[in-house]
Amino acid sequence: MDFTLNEEQQMFGQMFGDFMAKEVAPRAEAIDAEGETPSELLEQAAMQGFLGAILPEDYMGAALDMTSYTLLAEAWGRADLSSATVFHAHMMTAMAILAHGTEDQKATYLEAMAMGEKLGAFALTEPAAGSDPAGMLTEAKPDGSDYLLNGVKSWVTNAGRAGTYVVFARAPEGVTGFIVDADTPGLKVGGREKTLGLRGAEIRALYLDHARVPAANVLGKVGHGLRVALSTMDFAHLSLAALTLGGAEQALDLGVQFASERKQFGVLIAKKQAIQNYLADAKLKIEALRHLIEHASWLAVQGKPYSFEATMAKLYGGQAIYETANTMIQVHGGYGYIVDYPISRLYRDARAMSIIGGSAEIQRVLVARHVLAEAGIEVKP
Ligand SMILES: Cc1cc2nc3c(=O)[nH]c(=O)nc-3n(C[C@H](O)[C@H](O)[C@H](O)COP(=O)(O)OP(=O)(O)OC[C@H]3O[C@@H](n4cnc5c(N)ncnc54)[C@H](O)[C@@H]3O)c2cc1C
């Protein structure tokens, strides 16, 4: 295995980092305070090709390979986790359509998504069905050549802003994915969730009241919705892992910067071994996480299964970013507890990363399933 970035990947990495440092990082504080990722920023990202990052050129995508995509997600996460989450939810919706859509569906939706004309949102979770999506209650009742969707989806990132939703509902044959246009009569968005962090991402419920969706908008096969959702999770896990890598790097940068300026007992606190230990442990976690991501994305680029590796990267990423943000607050002392210091925002944002895209507990179940498979022991959540 050779994870060395090729020339193109190196160039992309540089370009993503430069753009994010110039255009996104300076806005991170305002995005959090105002609770909104500016449309103008998303337009800029679309112009750079980021909103179609991994989509093929046929759909106006940038056709990045998975390694380059993780470099983009890492750079965005490093600059600002809120708007990076908006981007992530959009990309995973596009990936679901790319992987499971018909040619007509891909032609209709993906170009508009890549161009930033339509933001994507992925509606799987329900108030009573989170870790166990098979328990969803939202119904899809056949009605002539349409389906009527009734129910509530919760925790939908980008709801209210999205033009294209992928919604999962229970048809007579089983859970089924649907592509649902934002202007579908009967689809309404709920009030904004007031979240601890990731405040630049709009998270709302979706209310479906006899929302009429043509059968032509079924994503994948009828009754195969859980397969569609789970296969999209491989990409989602890797994407979120890359966001956490960027966030953890940013936390360490902030810790190093503070420790290199703050003096106590007449010397920089960076000279104190207790502080150095925090910085060293953070670096260790960051590099371990990077290797998990590199391995998973390398497998993806080779066209090999990467589900298990992506799950491990996401699981570890959620832990690594939270622990890093936590210890970097400690490095800041009391200043870390003041909202004016960006590390406190990062800490709030980091907390979501062990829940979004599947909780750490469920991801441990998936890892344990893999570990125990050879012993012939079946592991269920
Ligand atoms: C910021 C954010 C953005 C999100 N965006 C989206 C989105 O765009 N689209 C979407 O569909 N969803 C989204 N979600 C929802 C997310 O996927 C769910 O929150 C997550 O899957 C957990 O579901 P839950 O919240 O219902 O918790 P529950 O499933 O009720 O779990 C509660 C607790 O019990 C644990 N638990 C549950 N079952 C088991 C088990 N079998 N073994 C051990 N422990 C278990 C969980 O790990 C957790 O600790 C988002 C969540 C967050 C926080």
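Residues numbered from 1 in each chain as written. Predicted model: local features only at pLDDT ≥ 70, side-chain atom pairs only at ≥ 80, totals over all residues. Heavy atoms only, no water.

### Quick notes on the packing of aromatic side chains
Turning to step 1, where the next piece is worked out: Tallied over the full model, the rule gives 13 aromatic pairs.
Turning to step 2, where the next piece is worked out: Measuring from ring centre to ring centre gives 6.3 Å for phenylalanine 258 and tyrosine 341, while their planes differ by 75°; the resulting arrangement is edge-to-face. Taken as a pair, phenylalanine 258 in helix H7 (residues 225–259) and tyrosine 341 in the loop between helix H9 (307–332) and helix H10 (342–351) lie far apart in primary sequence, 83 residues in all.
Turning to step 3, where the next piece is worked out: A centroid spacing of 5.6 Å and a plane angle of 55° characterise the contact between tyrosine 335 and tyrosine 341, whose relative ring orientation is tilted.
Turning to step 4, where the next piece is worked out: Residue tyrosine 341 is classed as partly exposed on the basis of its relative accessible area, which comes to 29%.
Turning to step 5, where the next piece is worked out: In this structure, arginine 351 is placed above the aromatic ring of tyrosine 322, and the distance from its NZ or CZ to the ring centre is 5.4 Å. (Phe/Tyr/Trp six-rings, centres within 6.5 Å; stacked < 30°, edge-to-face > 60°. Helix = DSSP H or I, 4+ residues; strand = E, 2+ residues; numbered from the N terminus. Buried < 20%, exposed > 50% of the residue type's maximum accessible area, 1.4 Å probe, protein only. Lys NZ or Arg CZ within 6 Å of the ring centre and 35° of its normal.)

### Here's the deal with the site of the ligand
Turning to step 1, where the next piece is worked out: Residues in contact with the ligand amount to 18 residues; listed here are only the nearest, Phe122, Thr125, Ser131, Trp155 and Ser359.
Turning to step 2, where the next piece is worked out: Tryptophan 155 has a polar backbone atom sitting 3.0 Å from a nitrogen atom of the ligand.
Turning to step 3, where the next piece is worked out: The side chain of glutamate 361 places a nitrogen or oxygen atom 2.7 Å from an oxygen atom of the ligand.
Turning to step 4, where the next piece is worked out: Within the complex, 67% of the 970 Å² of free accessible area of the ligand lies under protein.
Turning to step 5, where the next piece is worked out: Taking a 2 Å distance to the grid points as the criterion, the majority of the atoms of the ligand fall inside the largest pocket.
Turning to step 6, where the next piece is worked out: Of all elements in the fold, only strand S1 (120–123), strand S3 (146–157) and helix H11 (360–373) reach the threshold of two or more residues within the shell around the ligand.
Turning to step 7, where the next piece is worked out: Looking at the shell around the ligand element by element, the count peaks at three residues for S3. (Near = heavy atom within 4 Å. Polar contact = N/O pair within 3.5 Å; in protein donor to acceptor, adjacent residues only side chain to side chain. Areas by Shrake-Rupley, 256 points an atom, 1.4 Å probe, with all protein chains shown as cover. 1 Å grid on protein atoms, 1.4 Å probe; cavity = no way out; pocket = protein on both sides within 12 Å on 5 of 7 lines; lining within 4 Å. Sits in = over half its atoms within 2 Å of the grid points.)

### Focus: the environment of glycine 317
Turning to step 1, where the next piece is worked out: Along the chain, glycine 317 turns up in helix H9.
Turning to step 2, where the next piece is worked out: By relative accessible area, which is 0% here, glycine 317 ends up buried.
Turning to step 3, where the next piece is worked out: If sequence neighbours within four positions are ignored, glycine 317 has contacts with Thr244 and Leu289. (Contact = heavy atoms within 4.5 Å.)

### Points about the pattern of salt bridges
Turning to step 1, where the next piece is worked out: Considering all chains together, one arrives at 15 salt bridges under this definition.
Turning to step 2, where the next piece is worked out: Residues joined in a network through salt bridges with shared partners are Glu74, Arg78, Glu249, Asp253, Lys283, Glu287 and Arg290. (Salt bridge = Lys/Arg side-chain N within 4 Å of Asp/Glu carboxyl O.)

### Side note on the domain arrangement of the protein chain
Turning to step 1, where the next piece is worked out: One can read the domain layout of the protein chain as domain 1 (7–114), domain 2 (120–225) and domain 3 (227–373).
Turning to step 2, where the next piece is worked out: Centre-to-centre separation of domain 1 and domain 2, based on C-alpha positions: 22 Å.
Turning to step 3, where the next piece is worked out: Each partner contributes to the roughly 1800 Å² buried at the junction of domain 1 and domain 2, and carbon and sulfur atoms together form 58% of this total.
Turning to step 4, where the next piece is worked out: Its largest share of buried area at the contact with domain 2, domain 1 owes to Thr93, Gln105 and Tyr109, together 29% of the area lost on that side.
Turning to step 5, where the next piece is worked out: The set of elements that each furnish at least two residues to the side of domain 1 that touches domain 2 consists of helix H2 (28–34), helix H3 (39–47), helix H5 (81–100) and helix H6 (103–114).
Turning to step 6, where the next piece is worked out: A total of 11 residues in the side of domain 1 that touches domain 2 trace back to one element, the largest contributor, which is H5. (Domains from an automatic or database assignment. Buried area = accessible area lost by both parts, 1.4 Å probe.)

### A look at the side chain of arginine 290
Turning to step 1, where the next piece is worked out: Residue placement: arginine 290 occurs in helix H8 (residues 273–301).
Turning to step 2, where the next piece is worked out: The contacts of arginine 290, once residues within four sequence positions are left out, are Glu74, Leu245 and Glu249.

### Describing unusual backbone geometry
Turning to step 1, where the next piece is worked out: Its identity is not glycine, yet leucine 198 carries a phi of approximately 45°, on the positive side.
Turning to step 2, where the next piece is worked out: Assignment of secondary structure puts leucine 198 in the loop between strand S6 (187–192) and strand S7 (203–214).
Turning to step 3, where the next piece is worked out: Phi at phenylalanine 265 is positive, roughly 55°, even though this residue is not glycine.
Turning to step 4, where the next piece is worked out: Owing to a relative accessible area of 79%, phenylalanine 265 belongs among the exposed residues under this scheme.

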